[in-house]
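Structural characterization, general
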Amino acid sequence: MTRATLFALPLLALLAGCAGYRLGSPVPEALRSVHVAAFENRTAYPMAGAIAAQQLLDALIEDGTFAPTDYDEARLRVQATITGVGTQAVSYSRNNNIEPDEYHVVLSAQLYAFDAQTGETYINGKTVRAIDSALTRNDYQTAVADTLPRVSRKLAQAILTELHGIAPREN
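Quick notes on the rules
Residues numbered from 1 in each chain as written. Predicted model: local features only at pLDDT ≥ 70, side-chain atom pairs only at ≥ 80, totals over all residues. Heavy atoms only, no water. Phe/Tyr/Trp six-rings, centres within 6.5 Å; stacked < 30°, edge-to-face > 60°. Lys NZ or Arg CZ within 6 Å of the ring centre and 35° of its normal. Helix = DSSP H or I, 4+ residues; strand = E, 2+ residues; numbered from the N terminus. Contact = heavy atoms within 4.5 Å. Pairing = 2+ DSSP bridges. Axes fitted to C-alpha atoms, helices over the stretch in contact; angles between N-to-C directions. Parallel < 35°, antiparallel > 145°, perpendicular 65-115°, else oblique. Left-handed = near helix turned anticlockwise from the far one by under 90°. Nonpolar A, V, L, I, M, F, W, Y, C, P; charged D, E, K, R; others polar.

Focus: the packing of aromatic side chains
Taken as a whole, this structure holds 1 aromatic pair when the rule is applied. A cation over an aromatic ring shows up here: R77 above the ring of Y71, its NZ or CZ 3.7 Å from the ring centre.

Shown next as structure tokens:
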């Protein structure tokens, strides 16, 4: 084999491996204008819905695939209901084995997304969850409230992943 052949074979193998790769989002351009409604909040934490909606808007802007737009101009409309803020103790105080000092905070939402032009529903009440840690420092309520922006950011990323999977049905 010649030297050129030895160089070309690995290059061809590399190019063949990348043949199915697609740069960018599979979401059609027509569905990239999005309106995010204020999230309904069904939890005991008054700002959970507002925080989660703002984190989603921030994530959409940073990602760049979707363009947040006014209600009347958006083709894709996204709504969510924050259904729960739950906790699970994961670590206990060394001095008091019955008093947790760290929790996992789980934020749950039902997600809806539909096409304002055709009325097609892309996501219909899918449960999306995110989890993050909270250190109590002997104040459970404050620890959970302080964790809400972080866990909401993770929820926003999970919602963004769901939105990237949107594809219109073929007729």
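Anyway, onward from the coordinates.
Here's the deal with the environment of V34
By the element assignment, V34 lies in strand β1 (residues 33-36). Sequence separation of V34 and Y71 is 37 residues, and the distance between their C-alpha atoms is 8.1 Å. Ignoring anything within four residues of it in the chain, the contact list for V34 reads L60, F66, A67, P68, T69, A74, L76 and V78.

Re the pairing of strand β4 (residues 76-92)
Two strands pair when backbone bridges link them, and β1 and β4 are joined in this way by 3 bridges, in the parallel orientation. The residue of β4 that forms the bridge with V36 is V78. Relative to strand β5 (residues 100-115), β4 runs antiparallel, the two being bridged by 15 bridges. When the bridges of β5 are listed, T87 appears paired with V105.

Description of the packing of helix α2 (residues 48-63) against helix α3 (residues 140-164)
The geometry of α2 relative to α3 is characterised by a closest axis approach of 8 Å and an angle of 55° between their N-to-C directions. Relative to α3, α2 is oriented oblique. Relative to α3, the crossing made by α2 is right-handed. Contacts between α2 and α3 involve A48, I51, A52, Q55, L56, D58, A59, L60, E62 and D63 on the former and, on the latter, L148, P149, S152, R153, L155, A156, Q157, I159, L160, L163 and H164. Broken down by class, the residue content of the contact of α2 with α3 amounts to 13 nonpolar, 4 polar and 4 charged.

A look at the pairing of β5
As defined by bridge partners, β5 adjoins strand β6 (residues 121-135) across 13 bridges and the pair is classed as antiparallel. Residue Y112 lies in a different strand from β6, and its bridge partner there is N124. Between β5 and the antiparallel strand that follows it, β6, lie 5 residues; G119 among them carries a positive phi value of about 85°.

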